[in-house]
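One-letter residues, chain by chain:
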Amino acid sequence: MASLNVGNLGEYLREQRRNAQLSLRQLAEAAGVSNPYLSQIERGLRKPSADILQQLAKALRISAETLYVQAGILDEKDRDDLETRAVILADPSINERQKQVLLQIYESFRKENAAENAAENAAESTEQSVQESATGEASANAVPDADSDAVPPSH
């Protein structure tokens, strides 16, 4: 597990709070944490638990996983996916139903592309195996050179 990078987490939280047009007090109240505690998190003085991060994410209407990545709790391998989801969820110009529909479409495209990539990889792997088999058979059936010390098979 990665170490907590609290400074970047605090900056990220502050940015998300401002994008949501919430005061520190409003976010603290919505997340069920104290105003001073939230202030300390934003300034990088406190390390919030995963539960607190989840409460903050819910209040900010972003994915908890995005905050976990910022805090160093999760690896960054799925960061692009998480950030895309967070941007969709944080967009104030579309309503909740539209956000959910957009996320469903996004997920369906990801699954379709993953299936296509898996099929392509399987086809390439099969083709490579066939080529390797053909090369191996060709080597096994090769006729030895006349100059070689190979002994002809006896009947």
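For the structure, see preceding data.
(A) Looking closely at the side chain of arginine 17. Its location among the elements puts arginine 17 in helix H1 (residues 6-19). Here arginine 17 is in contact with Leu22, Ser23, Leu24, Leu27, Glu42 and Leu60, once residues within four sequence places are set aside.

(B) How the structure looks around the side chain of glutamine 16. Examined against the element boundaries, glutamine 16 turns out to sit in helix H1. Take glutamine 16: its relative accessible area is 11%, and that puts it in the buried class. Here glutamine 16 is in contact with Leu60, Ile62 and Ala90, once residues within four sequence places are set aside.

(C) Structural view of the packing of helix H2 (residues 24-31) against helix H3 (residues 35-42). Where H2 meets H3, the axes come as close as 9 Å, and the angle between the chain directions of the two elements is 110 degrees. As judged from the angle between their axes, H2 and H3 are roughly perpendicular. Residues Leu24, Arg25, Leu27 and Ala28 of H2 touch H3, and the partners they reach there are Asn35, Leu38, Ser39 and Glu42. Taken together, the residues of the contact of H2 with H3 sort by class into 4 nonpolar, 2 polar and 2 charged.

(D) Structural view of a nonpolar patch on the surface. A surface patch of nonpolar side chains, about 250 Å² in accessible area, is lined by Val101, Ile105 and Phe109. Mapped onto the elements of the fold, phenylalanine 109 is located in helix H7 (residues 96-140).

(E) Representation of a negative patch on the surface within the structure. Judged by side-chain charge, Glu112, Glu116, Glu120, Glu124 and Glu127 come together as a negatively charged surface patch. Residue position: glutamate 120 is located in helix H7.

(F) The arrangement of the packing of helix H4 (residues 50-60) against helix H5 (residues 64-71) in detail. At a closest axis distance of 8 Å, the pairing of H4 and H5 adopts a crossing angle of 130 degrees. Relative to H5, the element H4 lies oblique. Classified by chirality, the crossing of H5 by H4 is right-handed. On H5, the residues that touch Ala50, Leu53, Gln54, Leu56 and Ala57 of H4 are Ala64, Leu67, Tyr68 and Ala71.

(G) Quick peek at the environment of alanine 59. Residue placement: alanine 59 occurs in helix H4. Those residues in contact with alanine 59 that sit more than four places away from it in its chain are Leu22, Leu27, Ala30 and Ala31.

(H) Quick look at the pattern of salt bridges. Applying the stated criterion to the full structure yields 5 salt bridges. We note a salt bridge from glutamate 96 to arginine 61, for which the minimum N-O separation is 3.0 Å. One end of the pair, glutamate 96, is in helix H7; the other, arginine 61, is in the loop between H4 and H5, with 35 residues separating them in the sequence.

Calculation rules
- Residues numbered from 1 in each chain as written.
- Predicted model: local features only at pLDDT ≥ 70, side-chain atom pairs only at ≥ 80, totals over all residues.
- Heavy atoms only, no water.
- Helix = DSSP H or I, 4+ residues; strand = E, 2+ residues; numbered from the N terminus.
- Contact = heavy atoms within 4.5 Å.
- Buried < 20%, exposed > 50% of the residue type's maximum accessible area, 1.4 Å probe, protein only.
- Axes fitted to C-alpha atoms, helices over the stretch in contact; angles between N-to-C directions.
- Parallel < 35°, antiparallel > 145°, perpendicular 65-115°, else oblique.
- Nonpolar A, V, L, I, M, F, W, Y, C, P; charged D, E, K, R; others polar.
- Patch = residues over 30% accessible without salt bridge, like charges linked within 9 Å, V, L, I, M, F, W, Y side chains within 5 Å.
- Areas by Shrake-Rupley, 256 points an atom, 1.4 Å probe, with all protein chains shown as cover.
- Salt bridge = Lys/Arg side-chain N within 4 Å of Asp/Glu carboxyl O.
- Lys, Arg positive; Asp, Glu negative; His and termini not counted.
- Charge placed at Lys NZ, Arg CZ, Asp CG, Glu CD.
- Left-handed = near helix turned anticlockwise from the far one by under 90°.

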